[in-house]
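# Remarks on the overall topology
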Amino acid sequence: MEDIRFNTEPREGDTIGEYAYRRIRSHIVNGQLKPDEKLKLDHLKQVYGASVTTLREILNRLAVEELVTAEGQRGFRVATVSDAELNDLAELRTLLESHALRQSIRLGDLDWEAAVVASHYKLSVLEKQLMESGERSVEQWVACDWGFHNATISACRQPVLMRTYASVFDRFARYHMLALNFRGEGVFRDHAALRDLVIERRADEAVELLTRHIQSGVEHIKSCGGFG
């Protein structure tokens, strides 16, 4: 399942570098490593068990992904966050996901429909639990949210777009993690409606809903005020 994207457990065949990369990247996205935090190589070596040389390679890789800022001879910091970047990421996510959604609705087969339904079921169960418990943590929700949205666009047959979209989604999800607040019943209803529109192949309505859904996420994150 695609929600293993956010899983930092060791995987068979992992090198020390790949395992450390996944953990550092995940810890930036989930807010464990805070915006603008100085990334000291000696400390990272102790925490992630990789050599200084490997860590430099990892941080340069994350700088290309714009999750880390390289400061020349002064080292590295976790990338900062801002309202302006959040707005930009939302626009880019909307553009990429809308196009891929239209393509998937046009090209998707029965297996694709089944994947959409299955990923939505997993997400909806978690959302009901969050609403009933009042739990604020969003880390598991973000993983399931990714699984559902990725499933809806997975039949687009455009691997370059999918890789770009995944990177943008992660940077957008980082703001949700920093806000630390589940969006509630509105997002639950959005996801159920989007599932139905996708399965019924109603592309225009699905894209319209998706656009509103992403923008409401931006408004929710800003209202929490937990990332600036």
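Once a new chain begins, its residue numbering starts again from 1 and follows that chain's sequence as written. Owing to the predicted nature of the model, reporting of local features is limited to residues with pLDDT of at least 70; listing and counting of side-chain atom pairs is limited to 80 or more, with chain, interface and lining totals taken over all residues. Computation of side-chain values: all heavy atoms of the structure, hydrogens and water removed.

### Some details on unusual backbone geometry
So the rule is basically this: For helices the rule is a DSSP run of H or I covering at least 4 residues; for strands it is a run of E covering at least 2, with both sets numbered from the N terminus onward. Partly exposed residues are those whose accessible area sits between 20% and 50% of the maximum for their type, while under 20% is buried and over 50% is exposed, using a 1.4 Å probe and protein chains only.
Notably, D36 is not glycine yet its phi reads approximately 70°, a positive angle. Along the chain, D36 turns up in the loop between α1 (16–29) and β1 (38–39). By relative accessible area, which is 39% here, D36 ends up partly exposed. The phi dihedral of E66 falls on the positive side, at around 65°, and the residue is not glycine. Counting through the fold element by element, E66 comes out in the loop between α3 (52–64) and β2 (68–70). A residue is classified by how much of its surface remains accessible, and E66, at 45% relative accessible area, is partly exposed.

### Focus on the sheet that holds β1
Note the following rule: DSSP calls a pair of strands paired once it identifies at least 2 bridges connecting them.
Strand order in this open sheet of three strands is β1-β3-β2, and the pairing throughout is antiparallel. The open sheet has two edge strands, β1 and β2, and neither has a second partner. In terms of strand pairing, β2 meets strand β3 (residues 76–78) through three bridges, oriented antiparallel. Pairing of A70 across the sheet is with F76, part of β3.

### Some points on the pattern of salt bridges
Charged atoms that come close allow side chains of opposite charge to pair. For clarity, the threshold we go by: Here, a salt bridge means any Lys or Arg side-chain nitrogen found within 4 Å of an Asp or Glu carboxyl oxygen.
Overall, the coordinates contain 16 salt bridges when judged by the stated rule. With a closest N to O distance of 3.6 Å, E66 and R171 form a salt bridge. Of the two residues, E66 sits in the loop between α3 and β2 while R171 sits in helix α7 (residues 159–179), which places them 105 residues apart along the sequence. Assessed through its relative accessible area of 13%, R171 is described here as buried. Residue E85 is joined to R171 by a salt bridge in which the shortest nitrogen-to-oxygen separation is 2.9 Å. Taken together, the residues E85 in helix α4 (residues 83–107) and R171 in helix α7 connect sequence positions 86 residues apart. Shared partners join several salt bridges into a network, and the residues in it are R25, E65 and D170.

### A closer look at the packing of helix α6 (residues 139–153) against α7
The condition is simple: To obtain an axis, a line is fitted to C-alpha atoms, over the contacting stretch when the element is a helix, and the angle between two such axes runs from 0 to 180 degrees between their N-to-C directions. Throughout, the term roughly parallel applies to angles under 35 degrees, roughly antiparallel to angles over 145, roughly perpendicular to angles from 65 to 115, and oblique to all others. Left-handed describes a crossing in which the near helix is turned anticlockwise from the far one by less than a right angle; the clockwise case is right-handed. Whether two residues are in contact is decided by their heavy atoms: any pair within 4.5 Å suffices. Polarity classes work like this: nonpolar for Ala, Val, Leu, Ile, Met, Phe, Trp, Tyr, Cys and Pro, charged for Asp, Glu, Lys and Arg, and polar for all others, with Gly in that last group.
Running from amino to carboxyl end, α6 crosses α7 at an angle of 150°, the nearest separation of the two axes being 11 Å. In terms of their interaxial angle, α6 and α7 are classed as roughly antiparallel. Pair α6 / α7 crosses with right-handed handedness. Contacts from E139, W141, V142, D145, W146, H149, N150 and I153 in α6 reach M162, Y165, A166, F169, A173, H176 and M177 in α7. Taken together, the residues that form the contact of α6 with α7 break down as 10 nonpolar, three polar and two charged.

### A look at the nonpolar core
One broad trend across soluble globular proteins is that nonpolar side chains are buried collectively. To keep it simple, the criterion reads: By nonpolar core is meant a set of buried Ala, Val, Leu, Ile, Met, Phe, Trp, Tyr and Cys residues that side-chain atoms within 4.5 Å join together.
Counting residues in hydrophobic clusters, the biggest one holds 69 residues, and the most contacted among them are I24, I28, L39, L59, L62, L101 and W141. Per-element accounting of this core gives the leading share, 12 residues, to α7. Each residue touching L59, except ones within four places of it in the same chain, is listed here: L39, L41, L44, V68 and F76.

### Observations regarding the side chain of R22
Operational definition: Counted as a polar contact is a pair of N or O atoms within 3.5 Å, where, for protein atoms, one must be capable of donating a hydrogen and the other of accepting one, and residues adjacent in sequence contribute only when both atoms are in side chains.
You can see R22 is positioned in helix α1. Polar side-chain contacts of R22 include one of 3.0 Å to the side chain of D14. In this structure R22 touches N7, T8, E9, P10, R11 and D14, once residues within four positions along its chain are discounted.

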